[in-house]
Structure formats: C-alpha cells, structure tokens
Amino acid sequence: MNIYNAIEEFPQNIKTVVTLGTFDGVHQGHKILLNRLLQAKEKTGYQSAVLTFFPHPRMVLQQGGEFKLLNTMAEKATLLQQQGIDNLIIHPFSLEFSRLTAEEFVKNILVDRLNVAAIIIGHDHRFGRNRTATTQDLEEMGKEYGFEVQQISAFEVQQTPVSSTKVRNALAEGNITLANDYLGYPYFITGTVAQGQQLGRTIGFPTANLHVAEDYKLIPAHGVYTASAQIKGKTMYGMLNIGVRPTVSGFGQTIETHFFDFNEDIYNTQLQLNLHSRIRDEQKFESLDALKKQLHNDAQTARAYFNL
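Residues numbered from 1 in each chain as written. Predicted model: local features only at pLDDT ≥ 70, side-chain atom pairs only at ≥ 80, totals over all residues. Heavy atoms only, no water.

## Considerations on the sheet that holds strand S3 (residues 47–54)
Worth spelling out the cut-off: Here, strands pair whenever DSSP counts at least two bridges between them. Secondary structure counts use DSSP, requiring at least four H or I residues in a row for a helix and at least two E residues in a row for a strand, with both numbered from the N terminus. Note on geometry: axes are lines fitted to C-alpha atoms, helical ones only across the stretch in contact, with angles between N-to-C directions running from 0 to 180 degrees. Pairs of residues are marked as contacts when any of their non-hydrogen atoms sit within 4.5 Å.
Here we have six strands laid out as an open sheet, ordered S1-S4-S3-S2-S5-S6, and parallel in their pairing. Each edge of the sheet is formed by a strand with only one pairing partner; in this case those strands are strand S1 (2–4) and strand S6 (148–151). Geometrically, the sheet is characterised by an average inter-axis angle of 20° between neighbouring strands, direction not taken into account. Looking at chain direction, strand S2 (residues 16–20) and S3 are connected through five bridges and run parallel. Directly across from threonine 19, in S3, lies its bridge partner valine 50. Strands in contact with helix H3 (residues 73–82) are S1, S3 and strand S4 (87–92); relative to S3, the strand with the most contacts, it is inclined by about 160°.

Written as structure tokens, this is what we have:
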C-alpha cells in the first residue's frame, strides 16, 4: 500500500476509485465501504484510494475537549493495508481546509487531484463547508464531472448501527466484548515496553509496562483484561491491568501485562497488545497478600479463557 501525507503528493496521472472519511477503528461498517471500494476497483481496473485526515476534524473544529481516537495513524494504516487498499492519502486537516465549499472539494481534490472515476460513501455522508452538502449534491456533481457515486446503508451489529462513537463508548465503559463485536477484531494498543517499578516481580507476577507515545489514543476503562501479543514470532497470552495500582499507591495510569509462562527481557520492544475480555474492575486491596491472591484468581480466569 502506498501512503501519501498530503493530497498534493498523490500522482495526478492515476485514475482512482475513492472512499473518504476518518475511518477511526476501521470497524465492521467501514469494512462494508472498503469491500465495495475493492469491487469498484475490480470492475473499473482503476486503483483504490482511501482519503483520510489527520488531525481528526473534531480535534480541530472542537478544540478544548479531550477527544480520543481508536487508532493511531500507524495502526489505522496497518488495518487499511490488511483490507487490500492500494493507496492511503492522509491529508492534514486544518481550519482552512474545512472552509472548502463542496464544489471546491469535489473539483480541486476529487477530480483534479485524485482523478476519481467512482466514489463510495456511507449512509450518513455529508461534506463541504459546515458539512452542508448531501449525497444528492454529490451525485449532481458526479454527473457534471463524470464520476459515479455509490452509497452504502448502515451496517448493523445486534440491530444497532455500528459507529466509531459507539466503539469509543463501549471501551470507556470497559465493555471490551461489545467493542470487539463492533470492530470485528480485538481492540489493540501499540507501544514500547518500558521499565516500570518492577513491583510485580516481588509478588510473582512480573509485568511488561507499555508506554504509548500518542496521547490521543483511547485507553479502555481501568480494570483487568485478558490479552495477547506476538512476541518474537510467537503468540503469548496473559492478563492486562489498566489503572493506577491503588494497592501500592501508584500514581498515573499504567498499562501492565503479565504474560503466562514467559520470562524474557523485552524492554524497548514494540508491542501490540490485543484485548479480548474483561475480568474485573481495578480495586484496592488491604495488603499485598490479598492482591497476590486475587492475581492468582485472575490468572486462572485468563488461562481458562484461552484454554491454557
């Protein structure tokens, strides 16, 4: 997959079929769009292109709030590449860009820059300045500039339309099972294994402490989860604690994983932690012995989940 960090970088001589949006999470609903995009590619013989934006428009247009994303840009690129997309264009989103009219966006971006033959959009797509243009407006412009418009209906999981917002809400509540149903894959966190306080070692539960560089990445609700990761080509299973470690007077949020039957030095390793299920809330114990006893129970629960 080719990655371009601005629309201007994209070669103008390539004819494309395009879909556009933030694609945060690349969830089940997004995959319907992407599959239709690949069908259009097959039909036309043109290259597929996803046009997305960074920062997320809400980060620019609604400043002041602490808006978190399901994916870092690197994670999103990986997920889109797995779908078989030819080209990913990550255009910088700014106030100036947001002021483009629908006509300017279609003519200057889709037609002149991306040489679009077909555009695939979601059921609720609106675009242009203040998101005032509709699918009907886009279809009219398609007739004028010679491109096809295909619109997708809402995809449903458990009779509920999937959206990135619903995934975020599920994760904020710690409902990892529902979030994963929406996504179609285990929610994951990527980062670097950093040196922690190594308190886990003293009670028989050494942990890998994950540092996430991107502060906009959504970390699920505090609690204990089952987790897995690929380490040196092998799938390792374990239990993951997200929280502030109240029993040992921790401060600041940590993401710590105890991998079963594993005792290797993985400091400074890049790791993707996949979250599978929630075991319990984070809680404060009256002693380290009480904490240790609970960790043994958690380990049994996690091992049973993975059939270990």
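## Quick word on the nonpolar core
Quick note on the threshold: What we call a nonpolar core is a set of buried Ala, Val, Leu, Ile, Met, Phe, Trp, Tyr and Cys residues that are connected through their side-chain atoms within 4.5 Å. Burial classes: relative accessible area under 20% of the type maximum marks a residue as buried, over 50% as exposed, and values in between as partly exposed (1.4 Å probe, protein chains only).
Ile189, Ile255, Phe259 and Leu271 are the most contacted members of the largest nonpolar core, which has 52 residues in total. Not counting the four nearest positions on each side in its chain, phenylalanine 259 is found in contact with Ala208, Ala229, Ile231, Met236, Tyr237, Gly238, Ile266, Leu271 and Leu273. Counting residues in each nonpolar core, the second largest holds 28 residues, with Ala49, Phe53, Val106 and Met141 among its members.

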